[in-house]
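An overview of the molecular structure
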Amino acid sequence: MGLTLGLSDKGRWIEDHGVIHNMMFDTETKWKYSFKTTQNKTEWWDNGVLPLWITAQRQGRKTASFHYPGGGAKYDGEAVQRALVESYNHPDDNETEWRENIDIVMNWFTQEDFDFVTLYYGEPDNVGHRVGPETEERRVMIRQIDRTVGYLVEAIERHGLAEHLNVIITSDHGMTTVKKRPNVTEILLTNYIKFRDLVKFDIVDYGGFGMLLPIPGQEEAAYQALKDAHPHLHVFKKEDFPERFHFAKHKRVLPIVMFGDSGYNLNGQLIIYFNKGDHGFDNDLLEMKTIFRAFGPDFKKNHLAEPFDSIHIYPLMCRILGITPEPHNGSLAVTWDMLLEASDQQAGEKAQRAAILRNTGIGLGVVIGLIAIVFVSSVAHTAVRRKKE
Ligand SMILES: [Zn+2]
């Protein structure tokens, strides 16, 4: 992924899949909705890029989404075969419910023959925002997640799925402590520009990243006013935004794109944002990294992978499901070594050749940074059932 904003299960860069922010927005109507309030509204999600559920279903697999963002929408006219959608105010941190959800998913595999299920938890994102990542409350939540992973492993055994189920545990971003006055001078954009005169629509006040749509004719004035305004604020015209983020080419990205240095949130007209932890900062930063763990019959045991970009998980999941991927920006060659079949040299060369062919003209993803467990945000459990042979 480019910036550290949100989830995608499409194996594409942000500018290619078009899910550019946690807030869904429409610059014409000026509507802004959190992704949680658009869950069942297909018009906000279906933009021509197919998520893995639909691709797998079209190739005969049975798929489900448990609270996973985007699972409630239809794509190209097709719904996910089973989707449980989280209500807007669903509690994120109920450990008993987390365990119940795992058991429900296990039953889908054993009793209903599902092949692919995505399961999502909103922690430790929630507590990280509320109290900050470097806190005891956050550590307590990490221990709760650790117990839940233990419960998951035990539930897989209990349901007799250990030989059949591959599990990937990952998330979509890290978390850092928000820097506040009097320790620093916070970024408050209204100190540098008059919103009323220059800005038609904005996406600011959501962490370290923001965008502006200037009033027509005021683009240059808004850019000039902001570009050297604050030593920890980085401001770009959309067309000059650094390529490495794979972000700005999408048509939804607004003309002025900004991000703060680590911990410097982008406040608009008031400092109304009480979050003590946040993300949306540069994904080169260690504290924005996420975790990746995988186990099951198709994975090597105790294998330590080199750091890789999240886009490469998609072709890995397609391989395990035995399906042909949609066009994507990832490469199976990057994650191939995790699989047991990589030990089979001939099969390995074949898969790598196929992966390279599929990616011709798209360009391989960049492998970056390190992984920091304590900064993991919303945890997604992606359980992939081994293809029956
Ligand atoms: Zn968050």
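Here the structure is a predicted model, which means the values were calculated and not measured. (Residues numbered from 1 in each chain as written. Predicted model: local features only at pLDDT ≥ 70, side-chain atom pairs only at ≥ 80, totals over all residues.)

1. Section: the overall build of the chain
Each helix and strand counted, the chain has 11 helices and 18 strands in total. The buried share of the chain, reckoned over its 389 residues, is 44%. Of the contacts made within the chain by residues no fewer than 6 positions apart, 73% connect residues no fewer than 24 positions apart. (Helix = DSSP H or I, 4+ residues; strand = E, 2+ residues; numbered from the N terminus. Buried ≥ 20, exposed ≤ 12 C-beta atoms within 10 Å, placed from the backbone. Contact = placed C-beta atoms within 7 Å.)

2. Side note on the environment of Pro 315
Tracing the chain through its elements places Pro 315 in helix 9 (residues 313–321). On the neighbour-count criterion, Pro 315 (25 C-beta atoms within 10 Å) is buried.

3. Things to note about unusual backbone geometry
Omega for the peptide link from Glu 123 to Pro 124 comes to 5 degrees, which places this bond in the cis form. The residue Pro 124 is located in the loop between strand 7 (116–120) and helix 5 (125–131) in this model. The phi dihedral of Asp 76 is positive, around 50 degrees, even though this residue is not glycine. Looking at the secondary structure, you find Asp 76 in the loop between strand 4 (74–75) and strand 5 (78–79).

4. Quick word on the pairing of strand 2 (residues 31–34)
Bridge analysis of strand 1 (residues 23–26) against strand 2 gives four bridges, and the strand direction is antiparallel. By the bridge assignment, Asp 26 is partnered in strand 2 with Trp 31. Between strand 1 and strand 2, which follow one another and run antiparallel, lie four residues, and Lys 30 among them has a positive phi close to 65 degrees. (Pairing = 2+ DSSP bridges.)

5. Comments concerning the sheet that holds strand 12 (residues 209–214)
Judged by pairing direction, the sheet is antiparallel, and its four strands sit side by side in the order 11-12-14-13 without closing on themselves. Looking along the sheet, the strands with just one partner apiece sit at the ends: strand 11 (199–203) and strand 13 (233–237). Strand-to-strand, the axes of this sheet are offset by a mean angle of 20 degrees, without reference to chain direction. Pairing analysis gives five bridges linking strand 13 to strand 14 (residues 256–260), with the strands arranged antiparallel. Pairing of Lys 237 across the sheet is with Ile 256, part of strand 14. This element, helix 8 (residues 219–227), spans strand 11, strand 12, strand 13 and strand 14 of the sheet and lies at about 155 degrees to strand 13. (Axes fitted to C-alpha atoms, helices over the stretch in contact; angles between N-to-C directions.)

6. A look at the environment of Val 334
With respect to the helices and strands, the residue Val 334 is situated in helix 10 (residues 332–335). The class of Val 334 is buried, set by 22 C-beta atoms lying within 10 Å. C-alpha separation for the pair Val 334 and His 312, spaced 22 residues apart in sequence, amounts to 6.7 Å.

7. Some details on the environment of Asp 46
Looking at where Asp 46 falls in the secondary structure, it is placed in the loop between helix 2 (42–45) and helix 3 (52–58). Overall, Asp 46 belongs to the partly exposed group, with 18 C-beta atoms counted inside 10 Å. Sequence spacing of Asp 46 and Tyr 75 is 29 residues, and the spatial spacing of their C-alpha atoms is 5.1 Å. When residues no more than four places from it in sequence are discounted, the contact partners of Asp 46 are Ala 73, Lys 74, Tyr 75 and Asp 76.

8. Concerning the nonpolar core
Formed by 73 residues in total, the largest nonpolar core has its most connected members in Phe 66, Val 105, Ile 256, Val 257, Met 258, Met 317 and Leu 321. Here this core takes seven residues from helix 9, the largest share from any one element. Looking at this core, you find at least three residues from each of domain 1 (2–177 + 284–388) and domain 2 (187–274). (Core = buried A, V, L, I, M, F, W, Y, C linked by C-beta atoms within 7 Å. Domains from an automatic or database assignment.)

9. Considerations on helix 4 (residues 95–112)
Here helix 4 is 18 residues long and its end C-alpha atoms lie 25 Å apart, about the 26 Å a rise of 1.5 Å per residue gives. Of all the positions in helix 4, only Trp 98, Ile 102, Val 105, Met 106 and Phe 109 are classed as buried. The arc that holds every buried residue of helix 4, seen down its axis, measures 100 degrees, which confines them to one face. Exposed and oriented more than 90 degrees from the buried face of helix 4 are Thr 96, Glu 100, Asn 107, Gln 111 and Glu 112. Just beyond helix 4, the residue with positive phi is Asp 113, at close to 60 degrees. (Expected span 1.5 Å × (residues − 1). Arc of directions from axis to C-beta.)

10. With respect to the packing of helix 4 against helix 6 (residues 136–158)
The contact between helix 4 and helix 6 brings their axes to 10 Å, and the two run at 25 degrees. The pairing of helix 4 with helix 6 is recorded here as roughly parallel in orientation. The handedness of the crossing between helix 4 and helix 6 comes out as right-handed. Note on element contacts: helix 6 touches helix 4 through Gln 144, Thr 148, Tyr 151, Leu 152 and Ala 155, opposite Glu 95, Trp 98, Arg 99, Ile 102, Asp 103 and Met 106. Grouping the constituent residues of the contact of helix 4 with helix 6 by class yields six nonpolar, two polar and three charged. (Parallel < 35°, antiparallel > 145°, perpendicular 65-115°, else oblique. Left-handed = near helix turned anticlockwise from the far one by under 90°. Nonpolar A, V, L, I, M, F, W, Y, C, P; charged D, E, K, R; others polar.)

11. Observations regarding the confidence of the model for the chain
Of the residues in the chain, 86% reach a pLDDT of 70 or more, and the chain-wide mean stands at 86. Confidence drops under a pLDDT of 50 for residues 356–381, and excluding neighbours within four residues, the segment shows 83 contacts in the predicted structure. (pLDDT = per-residue confidence, 0-100.)

12. A word on helix 6
Residues separated by three or four positions in an α-helix point in the same direction, a consequence of the helix having 3.6 residues per turn. Across its 23 residues, helix 6 extends 33 Å between first and last C-alpha, which sits within 8% of the 33 Å expected from 1.5 Å per residue. Residues of helix 6 that are buried include every one of Arg 138, Met 141, Ile 142, Thr 148, Leu 152 and Ile 156, and no others. Once helix 6 ends, the next one or two residues include Gly 160, with phi positive near 65 degrees.

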